[in-house]
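One-letter residues, chain by chain:
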Amino acid sequence: MPTPIIIDCDPGHDDVFAIWLAAGNPDIDLLAVTTVSGNGYLEHTTRNARVACTVAGVTGVPVAAGAERPLMRQAAPATWIHGDNALGGPDLPEPTVPLDPRTAVQLISDIVREAPVPVTLVPTGPLTNIATFVLAEPALAAKVREIVWMGGSTGRGNVGAYPEFNAWSDPEAADIVVRSGIPFTMVGLNITHQALVTDEVIEGVRAIGNRTALFGAELLRFFSASYQAVEGIPGPLHDPVAVAIVIDRTVATSVHARLDIETKGTETAGATCVDLHNMLRREPNAQIAMELDVERFWSLVKDSVRALA
Ligand code: RIB
Ligand code: CA
């Protein structure tokens, strides 16, 4: 029985691969894609989600737009990695996948309400939409199977010293979602930096040879070059790691630990405070993904790309 999921994302190069990994894997039933401001402004992340589905031939999966900005802060796109349109690199085709008229929260609510089995939410951007859903629909939120979020870090961040971008973009939303009581898995930079987009990875994707692979290889080349320029490393393909964990829990190790979100710090707002040694004697409240089976991960990504258009 495939696992029903909704991806809430801010495409973003790695978000595109999260959508493709889900859409192309037989153990996932991708029920919807919802978008949020993050890597780019909402108009870009939403168009990019539709482009991702158009290129890969993903049809019948509703795409709905969500929050234009964080709950209490201004939108601050990560143009230094993803470019001005949040999907730098290839020329983008006109999307043929339509935009659902509902908002992201309306679509998530409708799906969770009608689903015959509990739905897994896989946010790969700031948690603005998920927090809004949790606040607006507490009874529906209680029906959610779990949240597996690409965000945070057990170590240093990638925006300033400590915050990771998705958490930094909307710390208040992350705090609301972590406190919601919905079973929560954090897939942070500490594990996603094990999924590096090397030249070998790019060539492995390109060699698949279909439309998705050729477009995807251009995305990976741009994404990795951005990371090389900014952080001096090949790009870590963050977001599909969260989907891979939903597909196969054995693709990563995890620990049950206490997670708290810093929302007040001048320099640290958005820091994900993971008490790995339970120093504060607080109740553990999250699964923290730690070690990735890198070979299995890339195999899952390529199998999905191969299965798409
Ligand atoms: O920090 C990495 C995360 O921020 C990824 O989800 C990337 O797409 C951006 O949203
Ligand atoms: Ca993302």
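Above this text is the structure in question.
Notes on the structure follow.

Basis of the calculations
- Residues numbered from 1 in each chain as written.
- Chains lettered and ligands numbered in written order.
- Predicted model: local features only at pLDDT ≥ 70, side-chain atom pairs only at ≥ 80, totals over all residues.
- Heavy atoms only, no water.
- Pairing = 2+ DSSP bridges.
- Helix = DSSP H or I, 4+ residues; strand = E, 2+ residues; numbered from the N terminus.
- Axes fitted to C-alpha atoms, helices over the stretch in contact; angles between N-to-C directions.
- Contact = heavy atoms within 4.5 Å.
- Donors = N, O, S within 2.8 Å, 3.2 Å for Na, K, Ca; no water.
- Buried < 20%, exposed > 50% of the residue type's maximum accessible area, 1.4 Å probe, protein only.
- Near = heavy atom within 4 Å.
- Polar contact = N/O pair within 3.5 Å; in protein donor to acceptor, adjacent residues only side chain to side chain.
- Areas by Shrake-Rupley, 256 points an atom, 1.4 Å probe, with all protein chains shown as cover.
- 1 Å grid on protein atoms, 1.4 Å probe; cavity = no way out; pocket = protein on both sides within 12 Å on 5 of 7 lines; lining within 4 Å.
- Sits in = over half its atoms within 2 Å of the grid points.
- Nonpolar A, V, L, I, M, F, W, Y, C, P; charged D, E, K, R; others polar.
- Salt bridge = Lys/Arg side-chain N within 4 Å of Asp/Glu carboxyl O.
- Right-handed = clockwise from strand over helix to strand, strands pointing away.

With that out of the way, let us pick up the sheet that holds strand E2 (residues 28-35). Within a sheet, each strand pairs with its neighbour through backbone hydrogen bonds, oriented either parallel or antiparallel. Across the sheet, which stays open at both edges, the nine strands sit in the order E3-E2-E1-E4-E5-E6-E9-E7-E8 with mixed pairing between neighbours. Edge strands, defined here as strands with exactly one partner in the open sheet, are strand E3 (63-65) and strand E8 (272-275). Neighbour-to-neighbour, the strand axes of this sheet turn through a mean angle of 30°, independent of strand direction. Inspection of the sheet shows strand E7 (residues 252-261) paired to strand E9 (residues 286-292) by five bridges, in the antiparallel sense. Paired with Ala257 across the strands is Ala286, a residue of E9. Strands strand E1 (3-9), E2, E3 and strand E4 (120-123) of the sheet are contacted by helix H4 (residues 104-114), whose axis makes an angle of about 155° with E2. Sitting on the sheet, helix H5 (residues 128-136) touches E1, E2, E4 and strand E5 (146-150), and the angle it makes with E4 is about 145°.

The subject of this paragraph is the coordination of the calcium ion (ligand 2). Every protein donor of the calcium ion (ligand 2) is listed here as Asp10 (OD), Asp15 (OD), Asp15 (OD), Thr124 (O) and Asp239 (OD), and their distances to the metal cover 2.2 to 2.6 Å. In terms of primary sequence, the donors binding the calcium ion (ligand 2) are separated according to D-x4-D-x108-T-x114-D. Here Asp15, found in helix H1 (residues 13-23), pairs with Asp239, found in helix H12 (residues 239-247); they are 224 residues apart in sequence, far enough to count as distant.

Buried residues dominate helix H8 (residues 171-178), accounting for seven of its eight residues. Residues of H8 that are buried include every one of Pro171, Glu172, Ala173, Ala174, Asp175, Val177 and Val178, and no others. Along its buried surface, H8 packs onto H5, E5, helix H7 (165-169), strand E6 (184-187) and E7.

What follows is about the site of ligand 1. As a structural note, the neighbourhood of ligand 1 is formed by 13 residues, with Asp14, Asn158, Glu164, Asn166 and Asp239 the closest of them. Within the side chain of Asn39, an N or O atom sits 2.9 Å from an oxygen atom of ligand 1. At 2.5 Å from an oxygen atom of ligand 1 is found a side-chain nitrogen or oxygen belonging to Glu164. The fraction of the free accessible surface of ligand 1 (270 Å²) that becomes covered by protein chains is 97%. Cavity membership is defined here by more than half of the atoms lying within 2 Å of grid points; on that basis ligand 1 lies in the largest cavity. Elements that contribute at least two residues to the shell around ligand 1 include exactly H1 and H7. In terms of residue class, the shell around ligand 1 is made up of three nonpolar, five polar and five charged.

The next subject is the pattern of salt bridges. Opposite charge on two side chains permits them to pair, given that their charged atoms come into close proximity. For the coordinates displayed, the defined rule picks out 12 salt bridges. Between Arg102 and Asp110 there is a salt bridge whose closest N-O contact spans 2.9 Å. On the basis of relative accessible area, Arg102 is assigned to the partly exposed category, the value being 30%. In this structure, Arg249 engages Glu146 in a salt bridge whose closest nitrogen and oxygen atoms are separated by 2.6 Å. Of the two residues, Arg249 is situated in the loop between H12 and E7 and Glu146 in strand E5; the sequence distance between them amounts to 103 residues. A single network of salt bridges, built from pairs that share partners, joins Asp100, Arg102, Asp110 and Arg113.

Of all eight residues in E2, six are buried; the element is thus mostly enclosed. In the classification by handedness, the crossover that spans E1, the intervening H1 and the parallel E2 is right-handed. When E2 meets E3, the two strands line up parallel, connected through three bridges. For Thr35, the partnering residue across the bridge sits in E3 and is Ala65. This β-α-β element, E2 to helix H2 (residues 42-56) to E3, shows right-handed connectivity.

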